[in-house]
Every structure is written in C-alpha cells, then in structure tokens.
Amino acid sequence: EGLKNTLASGLAAACSKTILAPFDTLKTVQQHVSGGKSLGLLEATRQVVSRPGGILNLYAGLGVAALGSMPSVGLYFGVYSYCKKTIGETLQTTFGSMRGDTEHP
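Residues numbered from 1 in each chain as written. Predicted model: local features only at pLDDT ≥ 70, side-chain atom pairs only at ≥ 80, totals over all residues. Heavy atoms only, no water.

Caption draft 1: Spotlight on the overall build of the protein chain. On a plain count of helices and strands, the protein chain comes out with three helices and zero strands. Walking the protein chain from its N terminus toward its C terminus, one meets helices and strands in the order α-α-α. (Helix = DSSP H or I, 4+ residues; strand = E, 2+ residues; numbered from the N terminus.)

As structure tokens, this is what we get:
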C-alpha cells in the first residue's frame, strides 16, 4: 500500500508539473522586471514563444522540476501512508474503536 501510494503520488507530481510548467515559466518571465515595468501575460507569452525553440520554451526546466518533485512528493505520501497505517493500528489496539456506535459493557 505504501509503495503504491509512493509511486502514484510521484507520477501525479510529474503530471501536475507538466500541466503547470507553462504558467510557471510565464510567471517567471513576468516577474523579471526591466526598466521598472513588469510584463503582462500576453507580452510575456510573446517574448517566450518568439525565442528560438518556439512554444517548447514554455516547458523550459520541466525535466529538473519533475525530477525534483517526483521523489519528494512520492516520499512524503509514502511515509504518510506508512505512518497512518502504523499509528492507526496502534491507536486502534490501544484505545479501541473511537466510533460512538459501539456497545460498552
């Protein structure tokens, strides 16, 4: 269960980085202020796409971002799943059911 959560969350992190990469690139270009005036969304998009490489420039740095987030997010949710199972079982055996629908002697 923990390994399955680790792999699934790592893959989910890679997918979300891939989907959000263009927005992150445009945000970075917009924040690079030259001459005291920040760029609007359309101007930033024109600037990125007009460079050699075209529309693929929107995905610049995706490999590093995905490789960085996959193990991090995967490890986080893998450890979370393991701790939830381990601590949950310990609490269950120590305190019994916490639900209100159980009968007490």
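Back to the text.
Caption draft 2: Here's a closer look at the side chain of Asn-57. The residue Asn-57 is located in the loop between α2 (41–49) and α3 (62–95) in this model. Of the polar contacts made by the side chain of Asn-57, one reaches the backbone oxygen of Val-48; its length is 3.0 Å. A polar contact of 3.3 Å, which involves the side chain of Asn-57, links it to the backbone oxygen of Pro-52. Discounting chain neighbours no more than four positions away, the residues touching Asn-57 are Thr-25, Val-48, Arg-51 and Pro-52. (Polar contact = N/O pair within 3.5 Å; in protein donor to acceptor, adjacent residues only side chain to side chain. Contact = heavy atoms within 4.5 Å.)

Caption draft 3: Spatial organisation of the layout of surface pockets. The calculated volume of the largest pocket comes to roughly 150 Å³. Lining the largest pocket are Ser-16, Lys-17, Leu-20, Ala-21, Phe-23, Asp-24, Thr-25, Ala-60, Gly-61, Leu-62 and Ala-65. Those elements giving two or more residues to the lining of the largest pocket turn out to be α1 (2–31) and α3. Per element, the largest residue contribution to the lining of the largest pocket is seven residues, and it comes from α1. Per-class residue counts for the lining of the largest pocket are six nonpolar, three polar and two charged. (1 Å grid on protein atoms, 1.4 Å probe; cavity = no way out; pocket = protein on both sides within 12 Å on 5 of 7 lines; lining within 4 Å. Points joined across faces, edges and corners; volume = space filled by probe spheres on them. Nonpolar A, V, L, I, M, F, W, Y, C, P; charged D, E, K, R; others polar.)

Caption draft 4: Seen up close, the nonpolar core. Counting residues in each nonpolar core, the largest one holds five residues, listed as Leu-26, Val-29, Ala-44, Val-48 and Leu-58. Of all the secondary structure elements, the ones that give two or more residues to this core are α1 and α2. Setting aside chain neighbours within four positions, we find Ala-44 in contact with Leu-26, Val-29, Gln-30 and Leu-39. (Core = buried A, V, L, I, M, F, W, Y, C linked by side-chain atoms within 4.5 Å. Buried < 20%, exposed > 50% of the residue type's maximum accessible area, 1.4 Å probe, protein only.)

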